[in-house]
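# Observations on the model geometry
In case you want the letters, here they are:
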Amino acid sequence: MAAPIDKLSITLVHASEKYRLEVTKSEGNGDLIVLDLLEAAQKVTSVPIHAQKLICKGKSLSDPNQSLQAAGLKAGAKVMMIGRKANPDEEINQKAVLTEETKVENISKKQKEIVKEVEGIPAR
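My aim in this report is to walk through the structure given alongside it, one point at a time. (Residues numbered from 1 in each chain as written. Predicted model: local features only at pLDDT ≥ 70, side-chain atom pairs only at ≥ 80, totals over all residues. Heavy atoms only, no water.)

### Describing the overall build of the chain
- A tally of helices and strands in the chain yields 2 helices and 5 strands.
- Here the C-alpha atoms of the chain give a radius of gyration of 21 Å, more than 25% beyond the 14 Å that 2.2 N^0.38 yields for 124 residues.
- Taken over 124 residues, the chain has a buried fraction of 27%.
- Taking the intrachain contacts of the chain between residues at least 6 apart in sequence as the baseline, contacts between residues at least 24 apart amount to 61%.
- Of the roughly 9,000 Å² that the chain leaves accessible, carbon and sulfur atoms contribute 54%.
- In the chain, 19 side chains carry a positive charge and 17 a negative one; their mean positions are 6 Å apart. (Helix = DSSP H or I, 4+ residues; strand = E, 2+ residues; numbered from the N terminus. Rg over C-alpha atoms; globule rule 2.2 N^0.38 Å. Buried < 20%, exposed > 50% of the residue type's maximum accessible area, 1.4 Å probe, protein only. Contact = heavy atoms within 4.5 Å. Areas by Shrake-Rupley, 256 points an atom, 1.4 Å probe, with all protein chains shown as cover. Lys, Arg positive; Asp, Glu negative; His and termini not counted. Charge placed at Lys NZ, Arg CZ, Asp CG, Glu CD.)

In structure tokens form, the structure reads like this:
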């Protein structure tokens, strides 16, 4: 097995633009993964990760946890990106939905804690 790669230089093509990217490991040790590439692409194109589709050598890089090495990417590889920037209204709506989802999760956790407490009270 080859040694883990912690930095990779690739060409990203989005619409009619070409970007030279230095993909680096965002966290932890180990090999570079597709998520690292998605994050680097987001920084230069402003296309949110959820709106990106990456293609290299005719294959979709759909698993964010797949190593770039396993996907066949090497230094100088050309990766095509399909996706568009979110408009501000959609972004605001998406943030509002995420906020509400977080509130629901917190309420659910509290409810589970209360149920455990009530179940622990002996019946009279």
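The structure having been displayed, the exposition proceeds.
### So, the side chain of Ser9
- Assignment of secondary structure puts Ser9 in strand E1 (residues 7-14).
- Reaching out from Ser9, the side chain makes a polar contact with the side chain of Arg20 at a distance of 3.2 Å.
- In this structure the side chain of Ser9 is engaged in a polar contact, spanning 3.2 Å, whose partner is the side chain of Glu22.
- Dropping the residues within four chain positions of it, Ser9 is found in contact with Arg20, Leu21, Glu22, Lys74, Ala75, Gly76 and Ala77. (Polar contact = N/O pair within 3.5 Å; in protein donor to acceptor, adjacent residues only side chain to side chain.)

### Description of the nonpolar core
- Formed by 21 residues in total, the largest nonpolar core has its most connected members in Ile10, Leu37, Leu61, Leu73 and Val79.
- Of all the secondary structure elements, the ones that give two or more residues to this core are E1, strand E2 (17-24), helix H1 (34-45), strand E3 (53-56) and strand E5 (78-82).
- By residue number, the principal contributor to this core is H1, which donates 5 residues.
- Those residues within four positions of Leu61 in sequence are excluded, and the remaining contacts are Val34, Leu37, Leu54, Cys56, Ala71, Leu73 and Val79. (Core = buried A, V, L, I, M, F, W, Y, C linked by side-chain atoms within 4.5 Å.)

### Observations regarding unusual backbone geometry
- Positive phi values are uncommon outside glycine, yet Ala15 reaches one of about 55°.
- In this fold, Ala15 is placed in the loop between E1 and E2.
- Exposure remark for Ala15: the relative accessible area of 68% places this residue in the exposed category.
- Notably, Ser46 is not glycine yet its phi reads approximately 65°, a positive angle.
- Along the chain, Ser46 turns up in the loop between H1 and E3.
- Classification of Ser46 by relative accessible area gives partly exposed; the value is 47%.

### Quick notes on H1
- Under the 1.5 Å per step criterion, the end-to-end length of H1 is 16 Å for 12 residues, consistent within 8% with the ideal 16 Å.
- For H1, the full list of buried residues reads Val34, Asp36, Leu37, Leu38, Ala40, Ala41 and Thr45.
- Where the residues of H1 are buried, they touch E1, E2, E3 and E5.
- Of the residues flanking the end of H1, it is Ser46, one or two places downstream, whose phi is positive at about 65°. (Expected span 1.5 Å × (residues − 1).)

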